[in-house]
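Tertiary structure, described
One letter stands for each residue in the lines below.
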Amino acid sequence: MNMLAGEEASIELVQRWLQRRDSDDTDTGSSSGSPGARAGRRSSLALTPEDEPLVDVANRSPPPAHIPNAMLYAPPEPLELLCVFPERASRVCAAACQAVARAGGEARSVRSARDALDALRRDSDAKLPHVIIVDARQPQTLDAPLLARAIRGTKNTQHIALIAIVKKSAYLKDDFVVLPYLDAGFNRVMVETLSSTAWCAEILQSRAAGASARAHVAAVAALAAAVDRCRDLVAITDDQQRILLANKSWCRVLGWRGDEGPRPLAETAGGEAMRQASSGARDWEAPVTLRRRAAPDPILLPCRGAAVGLTKSTSHIVFVCEQTHAVETERGRGSLHSIRRGSLDVRSVASDGLRRTSLAKLQGLPLEAPITKVISLLSAATEGAPPSTVACIERAVDMLRTSELYSPQMRDDPKMRVEDPVATDLIGALLSQGPTNTLSSRRSSNDSTVVRSQTNRTNIKHKTTGQLRELLDTALSWEFEIFRLEDMTRGRPLAHLGLALMGGRFDICAALECDERTLLHWLTIIETNYHSGNTYHNSTHAADVLQAVAYFLEKDRLKSVLEPLEAAAALLAAAAHDVDHPGTSSAFLCNARHPLAVLYNDVSVLESHHAALTFKITLNDNRVNIFKNLDRDTYKQVRHNVIDMILATEMTKHFEHLAKFVNVFYAKSSGSKEDNMHTDEPLALDTTALSLPENVILVKRMMIKCADVSNASRPQKFAFEWARRIAEEYFLQTDEEKAKELPVVMPMFDRATCSIPRSQIGFIDYIIIDMMEAWAAFIDMPELVNHARSNHARWRELDEAGVSTLADVWRALGHASIHGALQAAQPTAEE
Ligand SMILES: Nc1ncnc2c1ncn2[C@@H]1O[C@@H]2COP(=O)(O)O[C@H]2[C@H]1O
């Protein structure tokens, strides 16, 4: 059969590749005629794209066309037969079943295509039948070719022998009666018979052929697994050079999804290798250029190829592109091009050059930071310029020389001045890092541990029935009732929502190659490590941020940019981004000389802890380790993404992240882009920059940042409850600071006097609006800005009405508390 020939060819070509690698590693005779000589081969590669490559075009003998017998071992198994006969008491079916019983096997029968497929899907691989007989005599009752196609489309069915039963009259009438059946995936067509002897012979022969096919499939699977785990980029095409198989390294380096159907290799590859492959050469080595999805420059790699076929004609072509150190380094660092954009040094890609990184070599590299170039350009511009221009440029250069380019300084213009003391307190505290610099208010410091004890919540009973199920069905709505979920799950919303979104809608288990049980354990332990005693930074906040990220990921812009693994990393980062938050700020921990502040040198204390603890918890126990099946490179990539996103939630870097995002994705109109942020001119979105990986990182950071503070952009009833919760947490911190005689980070946040409306107006004015405008336009979600504006207007009304403290606010809203009002309006915990 065609399929079998294809499998044998694949085995043979992969096997050949493995043999070649072995001989390459041992063969050190580096004459140009020695195909395996690594040193000789490398030195023959082009040094620049313009240089003519010295290609090894030797047409060596074809690859061996056999599979070692040892690879084809198939353990003996009792015969299993499945009969698909619509007729209840078919005598033909009975004869076949009787024959199987005589041969010591077991037979089952079903009456419809649906039952047959159900049986196959239910069966474990070990229990799959060896032979399936399908009654094709009554096409109006059972469409046998359709069923055969469906069976062949089901996993692990290639080795099952499929037999179609036809009427004798039809068989004798038409020379080609068998063809449509063979095309549909049947292996044999048999004339109806009641002779169990004939059946016995037929079934045993079919089983024997199937056993051989099964052994071949297993061998191919083993070799495909080997290919998938190798570092080099491997692609196998058909004779028309359409890619049939691309290994993980190929997908990762070129930014492929991995589940893309056959596509022409020429869309991706070019260069001498492609010419060699088209020339009909059996075995060749030549450089190949490969285009990457999210990068403008192609990469140039050494490639070895082989044309394979069991007969003289070629059925498959193998391309093995060596993953050079430079490519690995580039991936590891995010982007080599960000340092050397536009000057891809082919030498470093195509040779082992960077493996010998001596200091002398490093000094010779054309490394120059962009800022150095900018300063040189500006300095050159002062020559011959009028004194006023020189003074301006020199001031600009002085500013550029500081390393704090993105540290915010309140603008001089009156519109940007934070005049309200509550807003000043809040924004100042959010944007500053390290211990509070108020010597006068530092009365004493205290080493006491502030991390409150955690409630031990384990054994999540994951029953999502009834109302809870209905609620989770709305998990992708921006009006999602997060507090209702909190009530229904008795304070464990994260695991439930996480499973519904990560396990259900986004199926991150597929991307992470883990099972749902491990994901559930992971969610449960992460949730357990949130402090339920915190009013704001608890697992409901984590669930809320997760929900926002999931909502954003559904937007077309993000769907087209992010790979499934990146989406998975974003969801994981959202769920874990505040794990073990003590309910007090980093500044508080620094002032208190908390062990975490000591550990992280007062820098990004909480975010570093959230990220580090996430991985500690995950790797500590195999039952929760959602990364355990990832290969080293994929794990590194996911880890990098998760850490980067968690660290991006640090508010001291708020303006840095926002400015970078706006600079990259919003086109210049009049004035600078940053100026545009503060004018009423509409921003002109420009997404061409998305082709660079370093810009996609900015998108991921903005996504989690916006999700983290999205509470102010939610409908009013949610926004107000979140405002209550964060204010309560700030008040508790102030209480604790006073009790411990520590510097008070936000003195205005005193329960008795603080104006909640003003704190929210300041928060929306200075943190939310600009960021949400930039993000809302990017993902096309205007409601983010609309809700923020309408909440702002409502807070303004309350402020103007003289409403100030928490108690005032809820009185003004007509409730004892917002949450109380929410609870009164909604059904509570699920029975
Ligand atoms: N509605 C809000 N009002 C005031 N501050 C907020 C609000 N929402 C979030 N924040 C602050 O923004 C911070 C974002 O990072 P964190 O979650 O660590 O801590 C958050 C709070 O300190």
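Residues numbered from 1 in each chain as written. Predicted model: local features only at pLDDT ≥ 70, side-chain atom pairs only at ≥ 80, totals over all residues. Heavy atoms only, no water.

With respect to the UniProt feature "binding site: AMP" (unreviewed entry) in the protein chain
When the UniProt feature table is mapped onto this chain numbering, "binding site: AMP" (unreviewed entry) sits at His537, Asn538, Ser539, Thr540, His541, Asp578, Asp708 and Gln760. Of the annotated set named above, His537, His541, Asp578, Asp708 and Gln760 line the largest cavity. Positionally, Ser539 belongs in helix α23 (residues 539-553). Polar contacts involving the side chain of Ser539 include one to the side chain of Glu527, which spans 2.6 Å. Relative to the helices and strands, Gln760 is located in helix α34 (residues 756-779). Taking relative accessible area as the criterion, Gln760 reaches 8% and is therefore assigned buried. Those residues in contact with Gln760 that sit more than four places away from it in its chain are Ala723, Ile726 and Trp795. (UniProt positions renumbered as here; feature names shortened; annotations may be inferred. 1 Å grid on protein atoms, 1.4 Å probe; cavity = no way out; pocket = protein on both sides within 12 Å on 5 of 7 lines; lining within 4 Å. Helix = DSSP H or I, 4+ residues; strand = E, 2+ residues; numbered from the N terminus. Polar contact = N/O pair within 3.5 Å; in protein donor to acceptor, adjacent residues only side chain to side chain. Buried < 20%, exposed > 50% of the residue type's maximum accessible area, 1.4 Å probe, protein only. Contact = heavy atoms within 4.5 Å.)

A look at the site of the ligand
Around the ligand, the surrounding shell holds 14 residues, and the nearest of these are His537, Asp708, Asn711, Tyr730 and Gln760. Asp578 is positioned with one of its side-chain polar atoms (N or O) 3.4 Å from an oxygen atom of the ligand. Separating a nitrogen atom of the ligand from a side-chain N or O atom of Gln760 is a distance of 2.9 Å. For the ligand, whose accessible area on its own is 460 Å², the fraction buried by protein is 94%. (Near = heavy atom within 4 Å. Areas by Shrake-Rupley, 256 points an atom, 1.4 Å probe, with all protein chains shown as cover.)

Structural notes on the packing of aromatic side chains
The way to describe two aromatic rings as a pair is by their centre distance and the angle between their planes. Applying the stated rule across the entire model yields 21 aromatic pairs. A cation sits over an aromatic face here: Arg714 above Trp478, 3.8 Å from the ring centre. (Phe/Tyr/Trp six-rings, centres within 6.5 Å; stacked < 30°, edge-to-face > 60°. Lys NZ or Arg CZ within 6 Å of the ring centre and 35° of its normal.)

Some thoughts on the side chain of Ser608
Looking at the element boundaries, Ser608 is found in helix α28 (residues 605-620). Non-local contacts of Ser608, meaning those with residues more than four positions away in its chain, are made with Tyr600, Val603 and Leu647.

Observations regarding the packing of α23 against helix α25 (residues 564-576)
The N-to-C vectors of α23 and α25 enclose an angle of 160 degrees; their axes lie 7 Å apart at closest approach. Judged by the angle between their axes, α23 and α25 are roughly antiparallel. For α23 against α25, the interelement crossing comes out right-handed. The residues of α25 that touch α23, namely those facing Ala542, Val545, Leu546, Val549, Ala550 and Leu553, are Ala567, Ala570, Leu571, Ala574 and Ala575. Residue composition of the contact of α23 with α25, by class: 11 nonpolar, no polar and no charged. (Axes fitted to C-alpha atoms, helices over the stretch in contact; angles between N-to-C directions. Parallel < 35°, antiparallel > 145°, perpendicular 65-115°, else oblique. Left-handed = near helix turned anticlockwise from the far one by under 90°. Nonpolar A, V, L, I, M, F, W, Y, C, P; charged D, E, K, R; others polar.)

Quick look at the pairing of strand β6 (residues 233-238)
Among the 6 residues of β6, 6 are classified as buried, and the element is accordingly described as predominantly covered. Of the two faces of β6, the one carrying Leu233, Ala235 and Thr237 and the one carrying Val234, Ile236 and Asp238 are both buried. In this sheet, strand β12 (residues 316-321) lies alongside β6 in antiparallel orientation, the contact comprising 6 bridges. Bridge pairing in β12 places Thr237 opposite Ile317. When β6 meets strand β7 (residues 242-246), the two strands line up antiparallel, connected through 3 bridges. Its bridge partner lying in β7, Ile236 is registered against Leu245. Hairpin connection from β6 to β7: 3 residues lie between these consecutive antiparallel strands, with Gln241 at a positive phi of about 60 degrees. (Pairing = 2+ DSSP bridges.)

Considerations on the nonpolar core
Grouped together as the largest cluster of nonpolar side chains are 132 residues, with contacts concentrated most on Met502, Phe552, Trp775 and Phe778. In terms of residue count, α34 provides more of this core than any other element does, 15 residues in total. If sequence neighbours within four positions are ignored, Met502 has contacts with Leu497, Asp507, Ile508, Leu519, Trp522, Leu523, Leu546, Leu571, Leu572 and Ala575. (Core = buried A, V, L, I, M, F, W, Y, C linked by side-chain atoms within 4.5 Å.)

What to know about the sheet that holds β6
Pairing in this open sheet of 7 strands is antiparallel, and the strands run β8-β7-β6-β12-β11-β10-β9 from one edge to the other. The open sheet is flanked by β8 (263-264) and β9 (269-270), the only strands paired with a single partner. As paired strands, strand β11 (residues 299-308) and β12 are joined by 6 bridges and run antiparallel to one another. When the bridges of β12 are listed, Arg304 appears paired with Val320.

Topic: empty space enclosed by the protein
A full pass over the atoms with the stated rule returns 3 cavities of 30 Å³ or more. As a volume, the largest cavity reaches approximately 720 Å³. Lining the largest cavity are 44 residues, and of these Leu430, His537, Ser585, Met651 and Tyr730 sit closest to its centre. When contributions to the lining of the largest cavity are tallied by element, the ones reaching two or more residues are α17 (421-431), α26 (586-591), α28, α33 (716-739) and α34. If one sorts the elements of the lining of the largest cavity by residue count, α33 sits on top with 7 residues. Class assignment for the residues of the lining of the largest cavity results in 19 nonpolar, 19 polar and 6 charged. (Points joined across faces, edges and corners; volume = space filled by probe spheres on them.)

Focus on a nonpolar patch on the surface
A cluster of nonpolar residues, Phe176, Leu179 and Leu182, forms a patch on the protein surface that exposes about 280 Å² of accessible area. Among the structural elements, Leu179 can be located in helix α7 (residues 179-184). Classification of Leu179 by relative accessible area gives partly exposed; the value is 41%. (Patch = residues over 30% accessible without salt bridge, like charges linked within 9 Å, V, L, I, M, F, W, Y side chains within 5 Å. Salt bridge = Lys/Arg side-chain N within 4 Å of Asp/Glu carboxyl O.)

Some remarks on the sheet that holds strand β2 (residues 106-110)
With respect to topology, 5 strands assemble into an open sheet ordered β2-β1-β3-β4-β5, the strand pairing being parallel. Two strands lie at the open edges of the sheet, namely β2 and β5 (188-191), each paired on one side alone. Each adjacent strand pair in this sheet contributes to an overall mean axis angle of 25 degrees, direction not counted. Bridge count between strand β3 (residues 131-135) and strand β4 (residues 161-166): 5 bridges; the pairing is parallel. Paired with Val134 across the two strands is Ala164, which belongs to β4. Its contacts with the sheet place helix α3 (residues 91-102) against β1 (80-84), β2, β3 and β4, and it is angled at close to 180 degrees to β1.

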